[in-house]
Amino acid sequence: MLQNLSIQNFVIVDHIDLHFKSGFTVLTGETGAGKSILIDALELVLGRRADTSQIRHGCKRAEITAQFDVSTLPALQEWLMDNALEDEAGICLLRKVMESGGRSRNFINGHPATLQQLRTIGEWLVDIHGQHAHQLLMHNHKQSELLDSWAGESALSREVASAYRHWQDLCQQRLEWEQHSEQSLYEHESLTRQFHELSTLNFIPEEWENLQTEHNRLTHTASLLETAQFSLESLSENETAVLTQLNTIITRLHGQASIDSTLEPLCSQLQSAQIQLQETVYELKRYLQHLDIDPQRLEETEARIAAIHGAARKHRTTPEMLPDLLETTRQRLDVLGNITSSDALMEAEKSARSHFENLAGKLSLARQRAADQLSDLVTEAMQTLAIAGGCFKAALIPVPTGNLHGMEQIEFQVSAHRDLPLRPLGKVASGGELSRISLAIQVITSKAGTVPTLIFDEVDTGIGGRIAEIVGKLLQQLGKTRQVLSITHLPQVAAKGDQHWRVSKTPGSENDSLPASHISELETAARIEEIARMLGGEELTAATRRHAAEMLGYDEQNKRA
């Protein structure tokens, strides 16, 4: 239930704090006073996209806060908990801040939230019936939504739509396959050969560098052997070997060091060089032991390099890119593998169609039961709304091939007289009849819903007199089980409210030249004056006031009868 609504700097509202009660609340006021601003503000805080033009002129930002009691909505409480947005007191506090620069921020119980999260919550909390609801009822999709909601099968309806889309997607894939099957099969065969060749090659990027290094070494083995042997002989194995001469030098210097001690450091340096040269000799010997001319290995390496080069040329790429080409080929084959079998496609399409028809069949049964009930109730309501003898029917027109809405099209049909045939609602109902039938449908379907707060925004347009009084009684009766708010211009409806608020617009002041909208709750005397104004305009007479008091059920002492 809506408990509080705070609006700041919104359109012509500077600041309003409203505290709501249960039951049936009416809002009245002159045209242009701002009656619909409350609806606009609620729609924004419930997820409608913001518009900076709605910020009060001269203000930097507008702010709207709505507080709801959700203690009787366990499903919503669970959703809030799952999204870490819960409030321990069973309260749901929604807040929207709109800045003149275009930025808009949303909050749920103090936590930042998305528009979609606000919309999700809104479906649980408030059901708004706008001024043009009767016009929306002219559209078959809206009639389907309303009947499915009345049947309590909105979720099943969404499943049906999803199943239909999936079936049609598979149908489209099959048609495309039939149109391009030869090309797809050719591509699949070509890529299969390519994948086999590249897989058999078993090539990885690291191998290419190693192959080039090894090939270069095998190609120059003879010169490498010659150079290594020459180095080894020069260092240690011929008569003038470097190590032999170095040993001679160290011996002579060491012998003279006893005469001149300054030669000792030189001896030490030469000895270090001798050790390093000896290590080099050992490494050269090991190198020569492993360096053999291997024509067979050279031939194998050259063949491997040629195979890699050949594959790269064939597929118009570089050796280094062959592994990437293999992966791309594999991915494309995975895609083609799903569409190159007409049998598989047809089987998947058949299964999707069967799933859709199964869900749609369940929805059809639920719709038929709901359509019969709704038809009887609206027909009964028409008799009390001055359409005596009229008949209403929620017709289910079969659609053999099915569509997003199931296996039938919903069409609201009406007959204004028992001797006239049923025809589509928009083609036979006059403006006044359409408004009355629309209101009856909205009130009846709202009774079956679970949304705790219902708002009717001038849905009584086009009716008056005794019919208006009946409509007021319908809304009053609905208010016994739900919180109902109605913006109305009819005194007969306003007189049935449990609470009465008046919306007025005051001119600007010295501090603020802009006009401002205000809402005040009316007590006995003020309410009589407002009903009298709605009955007779600005020039009120004693008779008009007596009539207003009678409509409100007050006796001469202005006490409730």
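Up top is the structure.
Every value quoted in this text rests on a predicted model; they were computed, and no experiment measured them.

Rules of the game
Throughout, a residue's number is its position along its own chain's written sequence, starting from 1. Given that the model is predicted, a residue must reach a pLDDT of at least 70 before its local features are reported, and side-chain atom pairs must reach 80 or more before they are shown or counted; all residues, however, enter totals for whole chains, interfaces and linings. Side-chain calculation: all heavy atoms of the structure are included, whereas hydrogens and water are not. Pairing between strands is defined by DSSP: at least two bridges between the two strands are required. Per the convention used, a helix needs a DSSP run of H or I reaching at least four residues, while a strand needs a run of E reaching at least two, with both numbered from the N terminus. Angles here are taken between N-to-C directions and fall from 0 to 180 degrees, while the axes themselves are lines fitted to C-alpha atoms, restricted in helices to the stretch in contact. Contact definition: two residues touch when any of their heavy atoms are within 4.5 Å. Salt bridges are identified by distance alone: a Lys or Arg side-chain nitrogen within 4 Å of an Asp or Glu carboxyl oxygen. Here the term buried applies to any residue with accessible area under 20% of the maximum for its type, exposed to any over 50%, and partly exposed to those in between, with areas from a 1.4 Å probe on protein chains only. Any Phe, Tyr or Trp ring, taking Trp's six-membered ring, that has another such ring centre within 6.5 Å forms a pair; planes under 30 degrees apart are called stacked, those over 60 apart edge-to-face, and the others tilted. Think of a 1 Å grid over the protein atoms and nothing else: a 1.4 Å probe that fits but is trapped marks a cavity, an open set flanked by protein within 12 Å on at least five of seven lines marks a pocket, and residues with an atom within 4 Å of a point count as lining. Grid points are joined across faces, edges and corners, and a volume is the space filled by probe spheres set on the points. Under the scheme applied, nonpolar residues are Ala, Val, Leu, Ile, Met, Phe, Trp, Tyr, Cys and Pro; charged residues are Asp, Glu, Lys and Arg; polar residues are all the others, including Gly.

Colleague: I'd like a rundown of the sheet that holds strand E6 (residues 104–108), residues and numbers included.
Modeller: Taken together, 6 strands build an open sheet; the order of strands is E2-E1-E4-E5-E6-E7 and the sheet is antiparallel. Every interior strand has two partners, whereas the edge strands, strand E2 (13–19) and strand E7 (111–113), have only one. The sheet shows a mean angle of 15 degrees between the axes of neighbouring strands, taken without regard to direction. With 6 bridges connecting them, strand E1 (residues 2–10) and strand E4 (residues 61–69) associate as antiparallel partners. Counterpart to Ser 6 in the pairing with E4 is Thr 65. Each of E4, strand E5 (91–99), E6 and E7 is contacted by helix H3 (residues 115–125), which is oriented at about 50 degrees to E6, the strand it contacts most.

Colleague: A description of the pattern of salt bridges should follow, citing residues and the corresponding values.
Modeller: With the rule as written, the count across this model stands at 18 salt bridges. Arg 174 is the salt-bridge partner of Glu 349, the closest N and O atoms lying 2.3 Å from each other. Here Glu 349 is found in helix H13 (residues 342–384), whereas its partner Arg 174 is found in helix H6 (residues 154–201), with 175 residues between them in sequence. Residue classification places Arg 174 among the buried positions, given a relative accessible area of 17%.

Colleague: Describe in detail the packing of aromatic side chains, supporting the description with residues and values.
Modeller: Per the counting criterion, the structure on display carries 7 aromatic pairs. Centre to centre, the rings of Phe 20 and Trp 501 are 4.9 Å apart; their planes meet at 50 degrees, and the pair counts as tilted. Of this pair, Phe 20 sits in the loop between E2 and strand E3 (24–29) while Trp 501 sits in strand E14 (residues 499–506), and the two are 481 residues apart along the sequence. Trp 501 shares its class with Phe 20; the two are buried. Judged by centre distance (6.1 Å) and plane angle (55 degrees), the ring pair of Trp 79 and Trp 124 falls under tilted. With Trp 79 in helix H2 (residues 74–82) and Trp 124 in helix H3, the pair connects residues that are 45 residues apart, well separated along the chain. Through successive ring pairs, a cluster of aromatic residues spans Tyr 164, Trp 167 and Phe 356.

Colleague: Explain the layout of surface pockets to me, and be specific about the residues and the numbers.
Modeller: Counted as a void, the largest pocket has a volume near 1,600 Å³. Around the largest pocket, the lining comprises 43 residues; the ones closest to its centre are Glu 123, Asp 127, Lys 142, Glu 145 and Ser 149. If you list the elements that add at least two residues to the lining of the largest pocket, you get H3, strand E8 (126–129), helix H4 (133–136), helix H5 (140–151), H6 and helix H15 (431–448). Sort the elements by how many residues they give to the lining of the largest pocket and H5 lands first, with 7 residues. Across the lining of the largest pocket, the residue classes break down as 14 nonpolar, 17 polar and 12 charged.

Colleague: Please set out helix H1 (residues 37–45) residue by residue, giving values where relevant.
Modeller: Counting buried positions along H1 gives 7 out of 9 residues, so the element sits mostly inside the fold. Among all positions of H1, only Ile 37, Leu 38, Ile 39, Ala 41, Leu 42, Leu 44 and Val 45 are buried. The first or second residue beyond H1 is Gly 47, which carries a positive phi of 115 degrees.

Colleague: How would you sum up unusual backbone geometry? Please name residues and give values.
Modeller: The backbone of Ala 84 shows a phi angle near 55 degrees, a positive value even though the residue is not glycine. When you line up the elements, Ala 84 lands in the loop between H2 and E5. The exposure class of Ala 84 is partly exposed, given its relative accessible area of 49%. With a phi angle near 50 degrees, Asn 202 is a residue other than glycine that sits in the positive phi range. Within the secondary structure, Asn 202 sits in the loop between H6 and helix H7 (205–219).

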